[in-house]
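# Structural characterization, general
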Amino acid sequence: MTAQLVIFLILAAIAVAGAVSVILQREPIHSAISLIAVMIALAGLFLLLESEFIAAVQIIVYAGAIMVLFVFVIMLLNAGAEERTNMSRMARYVGVPLAVFLLIELAYQVGAATSSMTAQPAADGATRGISMLLFQDFVFPFELTSILILIAILGALVLAQRSEGAPAQRAQQ
Amino acid sequence: MPISYYLALSAVLFGLGVIGFVFKRNIITIFMSIELMLNAVNLAFIAFARALGQLQGQVFVFFVIVVAAAEAAVGLAIVIVIARNRQSLNVERINLLKL
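Residues numbered from 1 in each chain as written. Chains lettered and ligands numbered in written order. Predicted model: local features only at pLDDT ≥ 70, side-chain atom pairs only at ≥ 80, totals over all residues.

### Overview of the overall build of chain A
Helix and strand counts for chain A come out as seven helices and zero strands. In sequence order, chain A lays out its α and β elements as α-α-α-α-α-α-α. Across the 173 residues that make up chain A, the buried fraction comes to 26%. Sequence-distant contacts, at least 24 apart, represent 51% of the contacts inside chain A between residues at least 6 apart. (Helix = DSSP H or I, 4+ residues; strand = E, 2+ residues; numbered from the N terminus. Buried ≥ 20, exposed ≤ 12 C-beta atoms within 10 Å, placed from the backbone. Contact = placed C-beta atoms within 7 Å.)

As C-alpha coordinates, this is what we get:
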(Lines give C-alpha, C1' and ligand atoms only; values in the text may rest on other atoms or scores of the structure.)
Protein backbone atom coordinates (compact mmCIF):
# COMPACT_ATOMS: atom_id res chain seq x y z
CA MET A 1 0.00 0.00 0.00
CA THR A 2 2.10 2.88 -1.21
CA ALA A 3 1.22 6.42 -0.23
CA GLN A 4 0.21 7.15 -3.83
CA LEU A 5 -2.31 4.30 -3.82
CA VAL A 6 -3.80 5.47 -0.51
CA ILE A 7 -4.18 9.05 -1.75
CA PHE A 8 -5.67 7.77 -5.01
CA LEU A 9 -8.24 5.66 -3.12
CA ILE A 10 -9.24 8.57 -0.89
CA LEU A 11 -9.65 10.98 -3.82
CA ALA A 12 -11.45 8.36 -5.92
CA ALA A 13 -13.85 7.66 -3.04
CA ILE A 14 -14.60 11.38 -2.72
CA ALA A 15 -15.14 11.67 -6.49
CA VAL A 16 -17.49 8.67 -6.72
CA ALA A 17 -19.41 9.67 -3.58
CA GLY A 18 -19.83 13.19 -4.96
CA ALA A 19 -20.97 11.88 -8.36
CA VAL A 20 -23.54 9.54 -6.76
CA SER A 21 -24.70 12.46 -4.63
CA VAL A 22 -25.14 14.64 -7.74
CA ILE A 23 -27.65 12.22 -9.20
CA LEU A 24 -29.38 11.23 -5.95
CA GLN A 25 -30.01 14.63 -4.36
CA ARG A 26 -33.42 16.18 -4.78
CA GLU A 27 -32.46 19.86 -4.48
CA PRO A 28 -30.34 21.13 -7.42
CA ILE A 29 -28.24 23.31 -5.14
CA HIS A 30 -27.09 20.20 -3.25
CA SER A 31 -26.22 18.58 -6.58
CA ALA A 32 -24.16 21.65 -7.48
CA ILE A 33 -22.19 21.49 -4.23
CA SER A 34 -21.59 17.76 -4.72
CA LEU A 35 -20.31 18.47 -8.22
CA ILE A 36 -17.87 21.04 -6.80
CA ALA A 37 -16.58 18.31 -4.46
CA VAL A 38 -16.13 15.99 -7.45
CA MET A 39 -14.15 18.66 -9.29
CA ILE A 40 -11.85 19.31 -6.35
CA ALA A 41 -11.20 15.57 -5.98
CA LEU A 42 -10.43 15.42 -9.70
CA ALA A 43 -7.98 18.31 -9.33
CA GLY A 44 -6.21 16.27 -6.66
CA LEU A 45 -6.09 13.31 -9.06
CA PHE A 46 -4.60 15.56 -11.75
CA LEU A 47 -1.90 16.52 -9.26
CA LEU A 48 -1.23 12.81 -8.67
CA LEU A 49 -0.81 12.42 -12.43
CA GLU A 50 1.79 15.24 -12.43
CA SER A 51 -0.25 17.79 -14.37
CA GLU A 52 -0.09 20.77 -12.05
CA PHE A 53 -1.18 23.34 -14.62
CA ILE A 54 -4.40 21.52 -15.48
CA ALA A 55 -5.12 20.95 -11.78
CA ALA A 56 -4.87 24.69 -11.16
CA VAL A 57 -6.97 25.49 -14.24
CA GLN A 58 -9.59 22.98 -13.09
CA ILE A 59 -9.91 24.65 -9.68
CA ILE A 60 -9.85 28.23 -10.99
CA VAL A 61 -12.00 27.88 -14.11
CA TYR A 62 -14.18 24.81 -13.63
CA ALA A 63 -14.86 24.80 -9.90
CA GLY A 64 -14.36 28.53 -9.41
CA ALA A 65 -16.20 30.02 -12.38
CA ILE A 66 -18.45 27.48 -14.13
CA MET A 67 -19.90 26.00 -10.95
CA VAL A 68 -20.33 29.48 -9.48
CA LEU A 69 -22.32 30.33 -12.63
CA PHE A 70 -24.47 27.25 -12.02
CA VAL A 71 -25.10 28.28 -8.42
CA PHE A 72 -26.01 31.82 -9.52
CA VAL A 73 -28.51 30.49 -12.06
CA ILE A 74 -30.03 28.06 -9.51
CA MET A 75 -30.48 30.90 -7.06
CA LEU A 76 -31.80 33.25 -9.77
CA LEU A 77 -34.40 30.77 -10.95
CA ASN A 78 -35.23 29.68 -7.39
CA ALA A 79 -34.99 26.06 -8.46
CA GLY A 80 -36.71 23.98 -5.85
CA ALA A 81 -36.81 20.31 -5.06
CA GLU A 82 -37.84 17.91 -7.77
CA GLU A 83 -41.39 16.67 -7.64
CA ARG A 84 -41.89 13.28 -6.05
CA THR A 85 -43.24 11.28 -8.93
CA ASN A 86 -42.51 7.58 -8.69
CA MET A 87 -40.49 6.02 -11.43
CA SER A 88 -42.38 3.88 -13.87
CA ARG A 89 -42.13 0.16 -13.31
CA MET A 90 -39.92 -0.20 -16.36
CA ALA A 91 -37.50 2.45 -15.03
CA ARG A 92 -37.31 0.97 -11.58
CA TYR A 93 -37.03 -2.74 -12.30
CA VAL A 94 -35.27 -2.70 -15.65
CA GLY A 95 -33.59 0.68 -15.78
CA VAL A 96 -31.82 0.80 -12.43
CA PRO A 97 -30.24 -2.70 -12.65
CA LEU A 98 -29.19 -1.96 -16.23
CA ALA A 99 -27.64 1.31 -15.08
CA VAL A 100 -25.64 -0.42 -12.36
CA PHE A 101 -24.61 -3.08 -14.87
CA LEU A 102 -23.45 -0.30 -17.23
CA LEU A 103 -21.19 1.08 -14.53
CA ILE A 104 -19.65 -2.25 -13.64
CA GLU A 105 -19.18 -3.25 -17.28
CA LEU A 106 -17.58 0.08 -18.27
CA ALA A 107 -15.15 0.00 -15.36
CA TYR A 108 -14.20 -3.63 -15.94
CA GLN A 109 -13.71 -3.36 -19.70
CA VAL A 110 -11.71 -0.15 -19.53
CA GLY A 111 -9.57 -1.48 -16.69
CA ALA A 112 -8.92 -4.80 -18.41
CA ALA A 113 -8.09 -3.30 -21.80
CA THR A 114 -5.45 -0.92 -20.44
CA SER A 115 -4.03 -3.03 -17.64
CA SER A 116 -0.66 -3.27 -19.34
CA MET A 117 -0.01 0.48 -19.53
CA THR A 118 2.48 2.03 -17.14
CA ALA A 119 3.28 5.64 -16.48
CA GLN A 120 6.09 7.30 -18.40
CA PRO A 121 7.47 10.68 -17.46
CA ALA A 122 7.09 13.52 -19.93
CA ALA A 123 10.15 15.27 -21.30
CA ASP A 124 9.40 18.80 -20.04
CA GLY A 125 7.76 19.94 -16.87
CA ALA A 126 4.00 20.16 -17.20
CA THR A 127 3.54 23.93 -17.43
CA ARG A 128 6.52 24.55 -19.65
CA GLY A 129 5.59 21.64 -21.92
CA ILE A 130 1.97 22.73 -22.24
CA SER A 131 2.96 26.31 -23.06
CA MET A 132 5.42 25.08 -25.69
CA LEU A 133 2.64 23.04 -27.30
CA LEU A 134 -0.03 25.70 -26.96
CA PHE A 135 1.95 28.50 -28.54
CA GLN A 136 3.76 26.52 -31.21
CA ASP A 137 1.76 23.54 -32.40
CA PHE A 138 -1.71 24.50 -31.21
CA VAL A 139 -1.63 28.26 -31.63
CA PHE A 140 -4.48 28.25 -34.17
CA PRO A 141 -6.99 26.43 -31.89
CA PHE A 142 -5.80 28.62 -29.04
CA GLU A 143 -6.71 31.81 -30.89
CA LEU A 144 -9.96 30.22 -32.07
CA THR A 145 -11.03 29.58 -28.49
CA SER A 146 -10.73 33.27 -27.72
CA ILE A 147 -13.19 33.97 -30.55
CA LEU A 148 -15.37 31.15 -29.22
CA ILE A 149 -15.50 32.78 -25.80
CA LEU A 150 -16.43 36.11 -27.40
CA ILE A 151 -19.27 34.43 -29.32
CA ALA A 152 -20.46 32.76 -26.12
CA ILE A 153 -20.54 36.09 -24.29
CA LEU A 154 -22.54 37.72 -27.08
CA GLY A 155 -24.87 34.74 -27.32
CA ALA A 156 -25.58 34.70 -23.59
CA LEU A 157 -26.22 38.46 -23.60
CA VAL A 158 -28.63 38.29 -26.54
CA LEU A 159 -30.48 35.25 -25.19
CA ALA A 160 -30.99 36.50 -21.67
CA GLN A 161 -32.19 40.03 -22.35
CA ARG A 162 -35.88 40.68 -22.24
CA SER A 163 -37.87 41.73 -25.30
CA GLU A 164 -37.97 45.47 -25.98
CA GLY A 165 -41.53 46.04 -24.85
CA ALA A 166 -40.98 44.75 -21.35
CA PRO A 167 -38.69 47.45 -19.91
CA ALA A 168 -41.07 50.21 -21.11
CA GLN A 169 -44.01 48.48 -19.43
CA ARG A 170 -42.07 48.07 -16.23
CA ALA A 171 -41.12 51.77 -16.25
CA GLN A 172 -44.77 52.81 -16.60
CA GLN A 173 -45.95 50.76 -13.58
CA MET B 1 0.57 2.93 -9.95
CA PRO B 2 -1.19 1.41 -12.97
CA ILE B 3 -2.99 3.83 -15.24
CA SER B 4 -5.96 1.47 -15.60
CA TYR B 5 -7.15 2.50 -12.10
CA TYR B 6 -7.56 6.10 -13.27
CA LEU B 7 -9.29 4.96 -16.46
CA ALA B 8 -11.69 2.71 -14.55
CA LEU B 9 -12.53 5.65 -12.27
CA SER B 10 -13.08 7.82 -15.33
CA ALA B 11 -15.41 5.18 -16.79
CA VAL B 12 -17.40 5.00 -13.54
CA LEU B 13 -17.76 8.78 -13.37
CA PHE B 14 -18.84 8.88 -17.02
CA GLY B 15 -21.41 6.15 -16.39
CA LEU B 16 -22.78 8.07 -13.41
CA GLY B 17 -23.05 11.17 -15.60
CA VAL B 18 -25.01 9.19 -18.19
CA ILE B 19 -27.32 7.80 -15.48
CA GLY B 20 -27.96 11.31 -14.17
CA PHE B 21 -28.61 12.59 -17.69
CA VAL B 22 -31.17 9.88 -18.38
CA PHE B 23 -33.00 9.62 -15.07
CA LYS B 24 -33.25 13.19 -13.74
CA ARG B 25 -36.05 15.60 -14.59
CA ASN B 26 -34.69 19.00 -13.55
CA ILE B 27 -32.98 20.64 -16.51
CA ILE B 28 -30.19 22.17 -14.41
CA THR B 29 -29.37 18.78 -12.89
CA ILE B 30 -29.25 17.30 -16.39
CA PHE B 31 -26.81 20.03 -17.35
CA MET B 32 -24.67 19.20 -14.30
CA SER B 33 -24.59 15.54 -15.38
CA ILE B 34 -23.18 16.71 -18.71
CA GLU B 35 -20.44 18.58 -16.84
CA LEU B 36 -19.75 15.40 -14.85
CA MET B 37 -19.29 13.47 -18.10
CA LEU B 38 -16.89 16.15 -19.36
CA ASN B 39 -14.86 15.92 -16.16
CA ALA B 40 -14.64 12.13 -16.46
CA VAL B 41 -13.30 12.52 -20.00
CA ASN B 42 -10.76 15.09 -18.77
CA LEU B 43 -9.46 12.54 -16.27
CA ALA B 44 -9.12 9.94 -19.04
CA PHE B 45 -7.18 12.41 -21.21
CA ILE B 46 -4.76 13.29 -18.41
CA ALA B 47 -4.27 9.61 -17.52
CA PHE B 48 -3.41 8.77 -21.12
CA ALA B 49 -1.11 11.78 -21.35
CA ARG B 50 0.77 10.41 -18.36
CA ALA B 51 0.79 6.86 -19.72
CA LEU B 52 2.20 7.84 -23.11
CA GLY B 53 4.63 10.46 -21.82
CA GLN B 54 3.17 13.12 -24.11
CA LEU B 55 1.55 16.41 -23.19
CA GLN B 56 -0.98 16.67 -26.03
CA GLY B 57 -3.56 15.12 -23.71
CA GLN B 58 -3.19 17.96 -21.25
CA VAL B 59 -3.45 20.56 -24.03
CA PHE B 60 -6.68 18.93 -25.15
CA VAL B 61 -8.02 19.05 -21.58
CA PHE B 62 -7.27 22.79 -21.59
CA PHE B 63 -9.45 23.18 -24.69
CA VAL B 64 -12.19 20.96 -23.24
CA ILE B 65 -12.36 23.18 -20.15
CA VAL B 66 -12.57 26.35 -22.27
CA VAL B 67 -15.31 24.91 -24.49
CA ALA B 68 -17.19 23.67 -21.41
CA ALA B 69 -17.12 27.20 -20.00
CA ALA B 70 -18.54 28.68 -23.21
CA GLU B 71 -21.16 25.91 -23.40
CA ALA B 72 -22.20 26.44 -19.78
CA ALA B 73 -22.67 30.17 -20.34
CA VAL B 74 -24.85 29.79 -23.44
CA GLY B 75 -26.69 26.73 -22.09
CA LEU B 76 -27.61 28.45 -18.84
CA ALA B 77 -28.81 31.49 -20.79
CA ILE B 78 -31.12 29.13 -22.73
CA VAL B 79 -32.28 27.59 -19.42
CA ILE B 80 -33.11 31.05 -18.08
CA VAL B 81 -35.16 31.88 -21.18
CA ILE B 82 -37.01 28.54 -20.97
CA ALA B 83 -37.73 29.01 -17.26
CA ARG B 84 -39.02 32.51 -17.95
CA ASN B 85 -41.38 31.31 -20.68
CA ARG B 86 -42.62 27.99 -19.24
CA GLN B 87 -42.31 28.81 -15.51
CA SER B 88 -41.05 25.29 -14.92
CA LEU B 89 -37.69 23.53 -14.85
CA ASN B 90 -39.18 20.10 -15.46
CA VAL B 91 -38.10 18.70 -18.82
CA GLU B 92 -41.35 16.77 -19.11
CA ARG B 93 -43.19 20.09 -19.30
CA ILE B 94 -40.92 21.49 -22.02
CA ASN B 95 -42.47 19.43 -24.77
CA LEU B 96 -43.85 21.99 -27.23
CA LEU B 97 -41.82 23.76 -29.88
CA LYS B 98 -44.13 26.78 -29.69
CA LEU B 99 -46.22 27.89 -26.73
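Don't stop here, the text continues.
### A word on the overall build of chain B
Summing up its helical and strand segments, chain B has three helices and zero strands in all. Of the regular secondary structure in chain B, the N- to C-terminal order runs α-α-α. At 17 Å, chain B has a C-alpha radius of gyration far larger than the 13 Å of a compact globule built from 99 residues. Once the C-alpha set of chain B is aligned to its principal axes, its extents read approximately 55 × 25 × 15 Å. A total of 99 residues make up chain B; the buried ones form 56% of that total. Long-range pairs, those at least 24 residues apart, make up 49% of the contacts in chain B with a sequence separation of at least 6. (Rg over C-alpha atoms; globule rule 2.2 N^0.38 Å.)

### Quick notes on the interface of chain B and chain A
Each side of the interface is counted separately: chain B has 61 residues, and chain A has 66 residues. Secondary-structure elements contributing two or more residues to the side of chain B that touches chain A are α1 (3-23), α2 (27-52) and α3 (56-86) of chain B. The element best represented in the side of chain B that touches chain A is α3 of chain B, accounting for 22 residues. In terms of residue class, the side of chain B that touches chain A is built from 46 nonpolar, 11 polar and four charged. (Nonpolar A, V, L, I, M, F, W, Y, C, P; charged D, E, K, R; others polar.)

### Quick notes on the packing of helix α1 (residues 3-24) of chain A against α2 of chain B
Between α1 of chain A and α2 of chain B, the shortest axis-to-axis distance is 10 Å and the interhelical angle comes to 160 degrees. In this view, α1 of chain A runs roughly antiparallel relative to α2 of chain B, as classed from their interaxial angle. Like other packed secondary-structure pairs, α1 of chain A and α2 of chain B cross with a definite hand, here left-handed. Between α1 of chain A and α2 of chain B, the contacting residues are Ala 19, Val 22 and Ile 23 of chain A on the first element and Met 32, Ser 33 and Leu 36 of chain B on the second. Class assignment of the residues belonging to the contact of α1 of chain A with α2 of chain B gives a composition of five nonpolar, one polar and no charged. (Axes fitted to C-alpha atoms, helices over the stretch in contact; angles between N-to-C directions. Parallel < 35°, antiparallel > 145°, perpendicular 65-115°, else oblique. Left-handed = near helix turned anticlockwise from the far one by under 90°.)

### Focus on α2 of chain B
All names here are of chain B. Along its 26 residues, α2 runs 38 Å from first to last C-alpha, staying within 8% of the 38 Å computed at 1.5 Å per residue. In terms of burial, α2 is a largely internal element, 21 of the 26 residues being buried. Just downstream of α2, Gly 53 is the residue with a positive phi angle, here 70 degrees. (Expected span 1.5 Å × (residues − 1).)

### Regarding the domain arrangement of chain A
Domain annotation for chain A reports domain 1 (1-81) and domain 2 (124-161). If you average the C-alpha positions of domain 1 of chain A and of domain 2 of chain A, the two centres end up 23 Å apart. (Domains from an automatic or database assignment.)

### Digging into the nonpolar core
Core analysis: the largest hydrophobic core is formed by 75 residues, its most contacted members being Leu 13, Ile 28, Leu 43 and Ala 47 of chain B. The dominant element in this core, judged by the number of residues it contributes, is α2 of chain B, at 15 residues. For this core, the domains that each give at least three residues are domain 1 (1-81) and domain 2 (124-161) of chain A. Among residues more than four places away in sequence, those in contact with Leu 13 of chain B are Ala 15 and Ala 19 of chain A together with Leu 36, Asn 39, Ala 40 and Leu 43 of chain B. (Core = buried A, V, L, I, M, F, W, Y, C linked by C-beta atoms within 7 Å.)

### Some points on the environment of Leu 11 of chain A
Assignment of secondary structure puts Leu 11 of chain A in helix α1. C-alpha of Leu 11 of chain A to C-alpha of Leu 98 of chain A: the two residues are 87 residues apart in sequence and 27 Å apart in space.

### A short note on the confidence of the model for chain A
Within chain A, residue pLDDT values average 86, and 90% of them lie at 70 or more. Across chain A, element-level confidence peaks in helix α2 (residues 28-48) of chain A with a mean pLDDT of 95 and bottoms out in helix α7 (residues 165-172) of chain A with 50. (pLDDT = per-residue confidence, 0-100.)

### A short note on helix α3 (residues 52-77) of chain A
Residues and elements named next belong to chain A. With 26 residues, α3 extends 36 Å from end C-alpha to end C-alpha; this agrees with the ideal 38 Å at 1.5 Å per step. Of all bends in α3, the biggest is about 30 degrees, found at Gln 58. One or two steps after α3, the chain reaches Asn 78, where phi turns positive at roughly 55 degrees. (Bend = angle between axes of the 7 residues up to and from the residue.)

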